[in-house]
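Per-entry structural report
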Amino acid sequence: MENILRGLNVYLIGMMGSGKTTVGKLLAEKLQYRFLDTDSIIETVSQKTINEIFALEGEEGFRRLESNVLQQVSPYIRTVIATGGGIILRQENWGYLREGMVIWLDAPVEVLVKRLTDDHTRPLLQNQDLMVKLTNLKQQREFLYRQADITISFTENDTPSDIVEKLLTEIPFHIKAEFNPDFN
């Protein structure tokens, strides 16, 4: 895999609850890459939780921080980066994402609802009908997620390890000449 990726960063995108952090850690381990999570970096740098940032600065303030963090980590190499679910909403972020390989973890809404039912750390889900809110968010964002280099769809029966194995199988087929000039 090292000969194929040649240090290229891997960005995981997808809806909240799709497993970007969990899958990202496992993928980084398999690739012998470092792992970063943009939401964790935002919380560390701001010394606030995502909920606090949303409460104090609104979604727009959070998105600015998110873009700044992405800009800071995009020059790294050999890194798997789990992003926030809405990172794809700002056009400027695509410039950074395109510097690496972008992978969409496409989870069914039913799986997301099951995973997020007791999660009270997601500002966009507060006091909402999860099924309705997540369905609407996915529909609004899907055309952006589809711009990923690779889409991995999965079911609730797929474990994070299963998803990583699917990724390791798919990545070589999606390396483009722009990523790897020696690829035939």
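Residues numbered from 1 in each chain as written. Predicted model: local features only at pLDDT ≥ 70, side-chain atom pairs only at ≥ 80, totals over all residues. Heavy atoms only, no water.

To continue, consider the overall build of the protein chain. Along its length, the protein chain carries eight helices and five strands. Of the regular secondary structure in the protein chain, the N- to C-terminal order runs α-β-α-β-α-α-β-α-β-α-α-β-α. Counting over 184 residues, the protein chain shows a buried share of 48%. Put simply, 76% of the contacts in the protein chain that link residues at least 6 apart link residues at least 24 apart. (Helix = DSSP H or I, 4+ residues; strand = E, 2+ residues; numbered from the N terminus. Buried < 20%, exposed > 50% of the residue type's maximum accessible area, 1.4 Å probe, protein only. Contact = heavy atoms within 4.5 Å.)

Taken as a whole, this structure holds 11 salt bridges when the rule is applied. Of the charged contacts, one joins Arg 64 and Glu 60 as a salt bridge, the two residues approaching to 4.0 Å between their closest N and O atoms. Separated by four residues within a single helix, Arg 64 and Glu 60 lie in helix α4 (residues 50-73), roughly one turn from each other. Given the relative accessible area of 42%, Arg 64 is considered partly exposed. One salt bridge connects Glu 60 with Arg 90, and the closest N-O pair in it is separated by 3.5 Å. Residue Glu 60 is found in helix α4, and its partner Arg 90 is found in the loop between β3 (79-82) and α5 (91-97); the two are separated by 30 residues along the sequence. Connected through salt bridges with shared partners, the residues Glu 60, Arg 64, Arg 90 and Glu 92 form a single ionic network. (Salt bridge = Lys/Arg side-chain N within 4 Å of Asp/Glu carboxyl O.)

On to the sheet that holds strand β2 (residues 34-37), then. Across the sheet, five strands lie side by side as β2-β3-β1-β4-β5; this open sheet has parallel pairing. Of all strands in the sheet, those bounded by a partner on one side alone are β2 and β5 (150-153). This sheet shows a mean twist of 20 degrees between the axes of neighbouring strands, independent of strand direction. Direction of pairing for strand β1 (residues 10-13) relative to β3: parallel, over a ladder of three bridges. (Pairing = 2+ DSSP bridges. Axes fitted to C-alpha atoms, helices over the stretch in contact; angles between N-to-C directions.)

Turning next to the pairing of β5. The two faces of β5 differ: Ile 150 and Ile 152 on one face are buried, but Thr 151 and Ser 153 on the other face are not. For strand β4 (residues 101-106) and β5, the ladder comprises four bridges, and the chain directions are parallel. Bridged to Ile 103 within β5 is Ile 150.

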